[in-house]
Amino acid sequence: MEVTREQAWQTLTRHTKSESLLRHALAVEASVRWYARDFGEDEEAWGCAALLHDFDYEIHPTLDKHPQDGAPLLRDEGYPEWLIEAVLSHAEHLEMARDTALKRTLFACDELSGFVHACGLVRPTGLDGLEPKSVRKKLKQPSFAAGVHRDEVYAGAELLGLELDDHIRNVVAALQPIAGELGLRTAADA
Ligand SMILES: [Fe+2]
Ligand SMILES: [Fe+2]
């Protein structure tokens, strides 16, 4: 089956009503798409996996259910196994091998997209002018965006074989075009 963004969006929004969770899905999608373009991979396919990675979080908010109990729902809707496997692999507790570029990219973009988004929300110019250095500084403040697992941010960059600063720069660039959808201001608003 060919996966389309339209279908992935329908699945996501059928199970997810929270604006912050939808924004998280959009942010991770944009970052994963950025890397798909960079790697010359199938942007649409990678984007769908990213869009759906937390699709069941609202109905399965605990780790004894998310994302493993979501997988049968995706299977019922006809999603291919490579997508379902990628979705499952983002969860640390399932301890799956991240043996494809998509799995590595999804893991690497999940926590950092959320963190960069949070950095943008507290700046009058949003993501515009946000430097890796100030993102790194905030990573060292445990109270800022406390829900973001720092160890997973660092492990993600390493998994992609990137310096953290480069990974941050890429994610900032990926999120900038959808700043409005993410509820972020831009330099034009300041
Ligand atoms: Fe998740
Ligand atoms: Fe996530």
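Residues numbered from 1 in each chain as written. Chains lettered and ligands numbered in written order. Predicted model: local features only at pLDDT ≥ 70, side-chain atom pairs only at ≥ 80, totals over all residues. Heavy atoms only, no water.

## Observations regarding the coordination of the iron ion (ligand 1)
Then step 1. The protein atoms that coordinate the iron ion (ligand 1) are Asp54 (OD), His66 (NE2) and His90 (NE2), at distances of 2.1 to 2.3 Å.
Then step 2. All donors to the iron ion (ligand 1) come from one chain, and their sequence spacing reads D-x11-H-x23-H.
Then step 3. Between the iron ion (ligand 1) and the iron ion (ligand 2) the interatomic distance amounts to 4.1 Å, and Asp54 serves as a bridging ligand to the pair. With His66 in the loop between helix 3 (43–52) and helix 4 (71–76) and His90 in the loop between helix 5 (81–89) and helix 6 (101–121), this pair connects stretches of sequence that are 24 residues apart.
Then step 4. Owing to a relative accessible area of 4%, His66 belongs among the buried residues under this scheme. (Donors = N, O, S within 2.8 Å, 3.2 Å for Na, K, Ca; no water. Helix = DSSP H or I, 4+ residues; strand = E, 2+ residues; numbered from the N terminus. Buried < 20%, exposed > 50% of the residue type's maximum accessible area, 1.4 Å probe, protein only.)

## A few points about the environment of Lys17
Then step 1. Along the polypeptide, Lys17 turns up in the loop between helix 1 (5–15) and helix 2 (19–39).
Then step 2. Judged by relative accessible area, which is 60%, Lys17 ranks as exposed.
Then step 3. As for Lys17 and Glu58, which are separated by 41 residues in sequence, their C-alpha atoms are 7.9 Å apart.
Then step 4. Discounting chain neighbours no more than four positions away, the residues touching Lys17 are Leu22 and Glu58.
Then step 5. In this structure the side chain of Lys17 is engaged in a polar contact, spanning 2.7 Å, whose partner is the backbone oxygen of Thr13. (Contact = heavy atoms within 4.5 Å. Polar contact = N/O pair within 3.5 Å; in protein donor to acceptor, adjacent residues only side chain to side chain.)

## A word on the coordination of the iron ion (ligand 2)
Tetrahedral coordination by four donors puts the ideal angle at the metal at 109.5 degrees, and octahedral coordination by six puts it at 90 or 180 degrees.
Then step 1. Coordination of the iron ion (ligand 2) by the protein is provided by His24 (NE2), His53 (NE2), Asp54 (OD) and Asp110 (OD), with metal-donor distances spanning 2.2 Å.
Then step 2. Coordination at the iron ion (ligand 2) is irregular: its four donor atoms span angles of 86 to 177° at the metal.
Then step 3. Sequence spacing among the residues donating to the iron ion (ligand 2) works out to H-x28-H-D-x55-D. (Tetrahedral: all angles 85-135°; square planar, octahedral: opposite > 155°, others 65-115°.)

## Observations regarding helix 1
Then step 1. Buried within helix 1 we find Ala8, Thr11, Leu12 and His15. One side of helix 1 holds all its buried residues, which, seen down the axis, span an arc of 95°.
Then step 2. Against helix 2, helix 3 and helix 4 lie the buried residues of helix 1. (Arc of directions from axis to C-beta.)

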